[in-house]
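A closer look at the structure
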Amino acid sequence: TRYWRDWSSDVCSSDLSYAAGSADRANVIPNTAASAIPARAFTMSKLLAIDGLNILRRVFEANPDPDATQKAEAASRNALSSFRRLLADHAPTHVLPAFDAGGHTWRHELYPAYRANRAPMPVELRDRLPEFFEALESLGLHVVSLPGVEADDVIATGVLRWLAEGRGDAIVAT
């Protein structure tokens, strides 16, 4: 299995930037030259793009335990299990595990009240992220998290490019 770091180092940068000069700042594009690798070389490939923080937060919120520390520990363990199951069920050749970096994004420029009513990530869960990322690394996954760019945009950019280059199928898990 070739994971995101292998694919990105071969043919594209995992560093995303806004489309230069675009009036629509929602267009996030890879900051790299076009690939010289023929599309037919990738016809049997399968990309699995995972919105990792969404999975982790959903598992955390689904747990009725009142103790936030125990909820965070269980969420980390169960989300890791979800990642393993996704890998086993889909047998991808490439994996893009994307996570929100947090903070201000281009969406706040378009709509200042963006996420105004959303509760911040619980501190207990945020404190578990480094350990969770290490667990993903132990599975051979390289977490992609870019300041100012949400995981949704990283996934959309990666999947659209993957499909446009004819590399194979793409699966998005959120």
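Residues numbered from 1 in each chain as written. Predicted model: local features only at pLDDT ≥ 70, side-chain atom pairs only at ≥ 80, totals over all residues. Heavy atoms only, no water.

Using the criterion set out here, one finds two cavities of 30 Å³ or more in the structure. As a volume, the largest cavity reaches approximately 50 Å³. Together, Asp-100, Ala-101, Gly-102, Gly-103, Thr-105, Arg-115, Leu-146, Pro-147, Gly-148, Val-149 and Glu-150 line the largest cavity. Split into classes, the residues belonging to the lining of the largest cavity amount to four nonpolar, four polar and three charged. (1 Å grid on protein atoms, 1.4 Å probe; cavity = no way out; pocket = protein on both sides within 12 Å on 5 of 7 lines; lining within 4 Å. Points joined across faces, edges and corners; volume = space filled by probe spheres on them. Nonpolar A, V, L, I, M, F, W, Y, C, P; charged D, E, K, R; others polar.)

For the coordinates displayed, the defined rule picks out eight salt bridges. Asp-89 is the partner of Arg-85 in a salt bridge, and the nearest nitrogen-oxygen pair spans 3.1 Å. On the criterion of helical spacing, the pair formed by Arg-85 and Asp-89 is a turn pair, its members being four residues apart in helix α3 (residues 68–90). One salt bridge in this structure joins Glu-131 and Arg-128, with 3.0 Å as the shortest N-O distance. Taken together, the residues span about one helical turn, with Glu-131 and Arg-128 both in helix α5 (residues 123–138) at a distance of three residues. Glu-131 sits in the partly exposed class, given a relative accessible area of 44%. On the basis of relative accessible area, Arg-128 is assigned to the buried category, the value being 18%. (Salt bridge = Lys/Arg side-chain N within 4 Å of Asp/Glu carboxyl O. Helix = DSSP H or I, 4+ residues; strand = E, 2+ residues; numbered from the N terminus. Buried < 20%, exposed > 50% of the residue type's maximum accessible area, 1.4 Å probe, protein only.)

Over its 16 residues, α5 extends 24 Å from the first C-alpha to the last, a length consistent with the 22 Å expected when each residue adds 1.5 Å. Leu-129 marks where α5 bends most, by close to 40°; the proline Pro-130 follows one to four residues later. Every buried residue of α5 is accounted for by Leu-125, Arg-128, Leu-129, Phe-132, Ala-135 and Leu-136. Buried residues in α5 make contact with α2 (52–62) and α3. After α5 finishes, the residue Gly-140 shows a positive phi value of roughly 90°. (Expected span 1.5 Å × (residues − 1). Bend = angle between axes of the 7 residues up to and from the residue. Contact = heavy atoms within 4.5 Å.)

In this section: the layout of surface pockets. Looking at the largest pocket, its volume works out to about 460 Å³. Partitioning the lining of the largest pocket into residue classes produces six nonpolar, four polar and eight charged.

Right, let's talk about the confidence of the model for the protein for a bit. On average, residues of the protein score 81 in pLDDT, and 75% of them are at 70 or above. When pLDDT is averaged over each element of the protein, strand β4 (residues 94–98) comes out on top at 98 and strand β2 (residues 28–30) at the bottom at 31. Confidence over residues 1–37 falls short of pLDDT 50; this stretch has 82 contacts with residues more than four positions distant or in other chains. (pLDDT = per-residue confidence, 0-100.)

The strand order β4-β3-β5 describes an open sheet built from three strands, whose pairing is parallel. Only two strands of the sheet have a single partner each, and these edge strands are β4 and β5 (168–173). Pairwise comparison of adjacent strand axes, ignoring direction, gives a mean angle of 15° for this sheet. Sheet topology note: the strand β3 (residues 45–51)/β5 ladder contains six bridges and is parallel. (Pairing = 2+ DSSP bridges. Axes fitted to C-alpha atoms, helices over the stretch in contact; angles between N-to-C directions.)

Right, let's talk about the nonpolar core for a bit. Counting 24 residues, the largest nonpolar core has Ile-50, Leu-56, Phe-132 and Leu-136 as its most contacted members. For this core, the secondary structure elements donating two or more residues are β3, α2, α3 and α5. Per-element accounting of this core gives the leading share, seven residues, to α3. Each residue touching Leu-136, except ones within four places of it in the same chain, is listed here: Leu-80, Phe-83, Phe-99, Leu-141 and Val-143. Among the nonpolar cores identified, the runner-up in size contains 12 residues, and Leu-96, Val-154, Val-159 and Trp-162 belong to it. (Core = buried A, V, L, I, M, F, W, Y, C linked by side-chain atoms within 4.5 Å.)

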